[in-house]
Amino acid sequence: MWHDFEMHRTRVSFLCAVCSLAAAAILIRAAAPDDISEGAHKLHFSSIVLDTHDDTTQRLFSKDFDLGKRNPEGHVDIPRMREGGMNAIFFSIWIDGRIMGPPAVQKALDQIDAVRENVKKYSTEMMLARTAEDVRRAHAQGKIAALMGVEGGHMIGNDIRLVRIFADLGVRYMTLSHFYNDEWADSSTDKPAHNGLTDFGKDIIREMNRQGMLVDISHVSDKTFYDALEVSKAPLIASHSSCRALCNHPRDMSDDMIKALAAKGGVIQINYEKSFIDQAYKDASDKETGGVVQNRVVADAMKNCNNDEACVGREMANMEKKLTEEGKLPHVSWERIIDHIDHAVKLVGAEHVGLGSDFDGASMPEGMEDCSKLPKITEALLRKGYSEGDIRNILGGNTLRIMEQSERVSRELRASSGR
Ligand SMILES: [Zn+2]
């Protein structure tokens, strides 16, 4: 069993009813929620566990954060990744979607540099990965594979050359929009402005295909999704989206969209954000805080914290705790994540589902407080009767497969175009 077994033991002693002089102390093992069976432990810690969306990058700029140390707050750092068996991570490169043009490009470059420098700083633990093969090599060496995804088309500053430059620097996917429309793609949480993708947006997709950069349709409007699906030569990912059938949020995917994504070989990586996985929480959060897009609590925290991400996270967690204690926000169990995985698997099969937590960028359900809790997902899927092969694919295999497909498409397009 694993290391903190002793912590989860409950010592229960009681007097023997028959022999009043003798006392017996009996140790009963409590059904601790974090206990993982040996089978799940073995499967989880021998798998490539690849999370396609983590906002930890913003924290790299905080004076209170060190990627190499166990931090008291936040969701991800190297020690907790080791503890949770998360051995491949997409660091998200992101700024607010209302910032466009050169300042957005500058921020993207700052963050790409910060990820690369941190990987160098902790090179005994991490390795920068560009391909599925790199991820496998890192795993074989016992290192964490660090990948990058740009979150939002606004970060290329409306300049297609930035797609190539970002790809050269190691960016392996780009989300076409964030919460707001960019110059060429409509977002799911903004008023439609382009009727999906513009012609320039379609050229961006073609360039991404050529660069072997995965096209990520999380955040985009339904029409943008269908446009991207039509144009892209490589399968798409939804790097951090959940199922609208279980929680009706525009950020989630409808069953029809998930089916269309899977029919072209794509993968939906399930997001753990409470507002995206639990209807009662989403409704209460919309009322209490304005919801995830127009969140008043985040806006206040950003102001109070002078945009320091670790401080914002702390303020958010405190405010949320308070609202939950006051009964204004309902409790949400981590098991809702399993419901979403299972829904998507039943809909399209286990080869089209993955993990895209949104750690450090979202509000986590109870029991999934940080990435150290990830083995519970493996345990839950085993208990549901999933095969070991299906679980390995959900944990990371499907994302590796789709990366390989996109790399193949890139080689073919480059060979036919001569560049
Ligand atoms: Zn996001």
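Whatever comes next refers back to the structure up there.
Keep in mind it's a predicted model, so treat the numbers as computed, not measured. (Residues numbered from 1 in each chain as written. Predicted model: local features only at pLDDT ≥ 70, side-chain atom pairs only at ≥ 80, totals over all residues. Heavy atoms only, no water.)

Please clarify how the pairing of strand E4 (residues 88–93) should be interpreted in this entry.
Burial analysis of E4 places 6 of its 6 residues in the buried class, the great majority of the element. What you see with E4 is no split at all: Ala-88, Phe-90 and Ser-92 on one side and Ile-89, Phe-91 and Ile-93 on the other are buried throughout. Direction of pairing for E4 relative to strand E6 (residues 144–151): parallel, over a ladder of 6 bridges. Paired with Ile-93 across the two strands is Val-150, which belongs to E6. (Buried < 20%, exposed > 50% of the residue type's maximum accessible area, 1.4 Å probe, protein only. Helix = DSSP H or I, 4+ residues; strand = E, 2+ residues; numbered from the N terminus. Pairing = 2+ DSSP bridges.)

I would appreciate a short explanation of the coordination of the zinc ion in the present structure.
Here the zinc ion is held by the protein donor atoms Glu-151 (OE), His-219 (NE2) and His-240 (NE2), which lie 2.0 to 2.2 Å from it. Mapping the donors of the zinc ion onto the primary sequence gives the spacing E-x67-H-x20-H. With Glu-151 in strand E6 and His-219 in the loop between strand E8 (214–216) and helix H7 (222–231), this residue pair connects regions lying 68 residues apart in the sequence. Grouping residues by exposure puts Glu-151 and His-219 together as buried. (Donors = N, O, S within 2.8 Å, 3.2 Å for Na, K, Ca; no water.)

I'm lost on helix H10 (residues 279–289) in this one. Help?
For H10, the complete set of buried residues consists of Tyr-281, Lys-282, Ala-284, Ser-285 and Thr-289. Structurally, H10 contributes buried residues whose contacts are with helix H9 (274–277), helix H11 (296–304) and helix H12 (309–325). The backbone nitrogen of Ala-280 has a side-chain oxygen 3.2 Å away, supplied by the residue at the start of H10, namely Asp-278. Looking one or two residues past H10, Gly-290 carries a phi angle of roughly 95°, positive in sign. (Contact = heavy atoms within 4.5 Å. Polar contact = N/O pair within 3.5 Å; in protein donor to acceptor, adjacent residues only side chain to side chain.)

So what exactly am I meant to see when it comes to the environment of Ala-362 here?
Mapped onto the secondary structure, Ala-362 falls in the loop between strand E11 (353–355) and helix H14 (375–383). Classification of Ala-362 as buried rests on a relative accessible area of 16%. Sequence spacing of Ala-362 and Asp-54 is 308 residues, and the spatial spacing of their C-alpha atoms is 9.2 Å. Residues in contact with Ala-362, not counting those within four places in the same chain, are His-75 and Glu-273.

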